[in-house]
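Reading the structure
Here are the chains, one letter per residue:
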Amino acid sequence: MTDLPKSYIPGLGEFMERIQVDHAKLWLAGEARNWELAEYQLTELKEVFSDVQDLVPTYQNVPVGDMVDAIITGAIAGLESAIASRDFSTFSASFDKLTTACNSCHQAANRAYIVIRKPLQSNFSNQEFAPQAR
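**Quick look at the overall build of the protein**
Summing up its helical and strand segments, the protein has 4 helices and 0 strands in all. Counting from the amino terminus, the protein carries its helices and strands in the arrangement α-α-α-α. Summarising its shape, the C-alpha atoms of the protein cover approximately 55 × 40 × 25 Å along the three principal directions. When the 134 residues of the protein are sorted by exposure, 39% land in the buried category. Contacts in the protein between residues at least 24 apart in sequence constitute 65% of all its contacts with a sequence separation of at least 6. Total accessible area on the protein is roughly 8400 Å²; 50% of this is exposed by carbon and sulfur atoms.

**Brief notes about the pattern of salt bridges**
Within the structure shown, the criterion is met by 4 salt bridges. Between Arg18 and Asp22 there is a salt bridge, with the nearest N and O atoms lying 3.0 Å from each other. Placement of both Arg18 and Asp22 in helix H1 (residues 12-31) is noted, with a separation of 4 residues, approximately one turn of the helix. Assessed through its relative accessible area of 35%, Arg18 is described here as partly exposed. Measuring nitrogen to oxygen at the nearest pair gives 2.4 Å for the salt bridge that ties Glu80 to Lys46. With Glu80 in helix H3 (residues 64-85) and Lys46 in helix H2 (residues 35-55), the pair connects residues that are 34 residues apart, well separated along the chain. A relative accessible area of 34% places Glu80 in the partly exposed class. Within this structure, Arg18, Asp22 and Glu44 form a network of salt bridges that share partners.

**Side note on the layout of surface pockets**
Taken as a whole, the largest pocket encloses approximately 480 Å³ of empty space. Taken together, 22 residues line the largest pocket, and the ones lying closest to its centre are Leu12, Met16, His106, Arg111 and Ile114. Per-element accounting of the lining of the largest pocket gives the leading share, 7 residues, to H1. Looking at the lining of the largest pocket residue by residue, the classes come out as 16 nonpolar, 4 polar and 2 charged. The space that makes up the second largest pocket amounts to roughly 270 Å³. Lining the second largest pocket are 14 residues, and of these Gln20, Ala24, Arg117, Pro119 and Asn123 lie nearest its centre. Here the residues of the lining of the second largest pocket are counted per class, giving 7 nonpolar, 5 polar and 2 charged.

**Thoughts on the nonpolar core**
Counting 36 residues, the largest nonpolar core has Leu26, Ile72, Phe91 and Leu98 as the members making the most contacts within it. Mapped onto this core, the elements with two or more residues apiece are H1, H2, H3 and helix H4 (88-108). Considering each element in turn, this core owes the most residues, 9 residues, to H3. Residue contacts for Ile72: discarding those within four places in its chain leaves Phe49, Met67, Leu98, Ala101 and Cys102.

Rules used in this analysis
- Residues numbered from 1 in each chain as written.
- Predicted model: local features only at pLDDT ≥ 70, side-chain atom pairs only at ≥ 80, totals over all residues.
- Heavy atoms only, no water.
- Helix = DSSP H or I, 4+ residues; strand = E, 2+ residues; numbered from the N terminus.
- Buried < 20%, exposed > 50% of the residue type's maximum accessible area, 1.4 Å probe, protein only.
- Contact = heavy atoms within 4.5 Å.
- Areas by Shrake-Rupley, 256 points an atom, 1.4 Å probe, with all protein chains shown as cover.
- Salt bridge = Lys/Arg side-chain N within 4 Å of Asp/Glu carboxyl O.
- 1 Å grid on protein atoms, 1.4 Å probe; cavity = no way out; pocket = protein on both sides within 12 Å on 5 of 7 lines; lining within 4 Å.
- Points joined across faces, edges and corners; volume = space filled by probe spheres on them.
- Nonpolar A, V, L, I, M, F, W, Y, C, P; charged D, E, K, R; others polar.
- Core = buried A, V, L, I, M, F, W, Y, C linked by side-chain atoms within 4.5 Å.

Honestly, that's just the spatial picture; any functional story needs more than this.
Listed below in structure tokens is the structure:
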């Protein structure tokens, strides 16, 4: 009988770190008006939120999965629309709504000490965010 490898399911902290990275890259892509990259980053962000809902729906008696639906989903819909219309002004306002939603979720989960904000600079010196000529 062969021992099967252990399955690894990241904890909520690992998911939130990934969300923070995707949040930053989403802003940097939109700021550069790289709408294809912004759409990709938003898709990645939605995927991680979905993973949280499926794999960590409750964390320390906090209904994280339900909170994502109640607080985050609407902000993501606004970003989808802004990216589709390639409107930076709407994108920026929608991004601010997403950031506020993230912080509202942290407050509701008794984690008000975790405050997310719009990136002031790129921490990704190994990635180009400007659209590339084809």
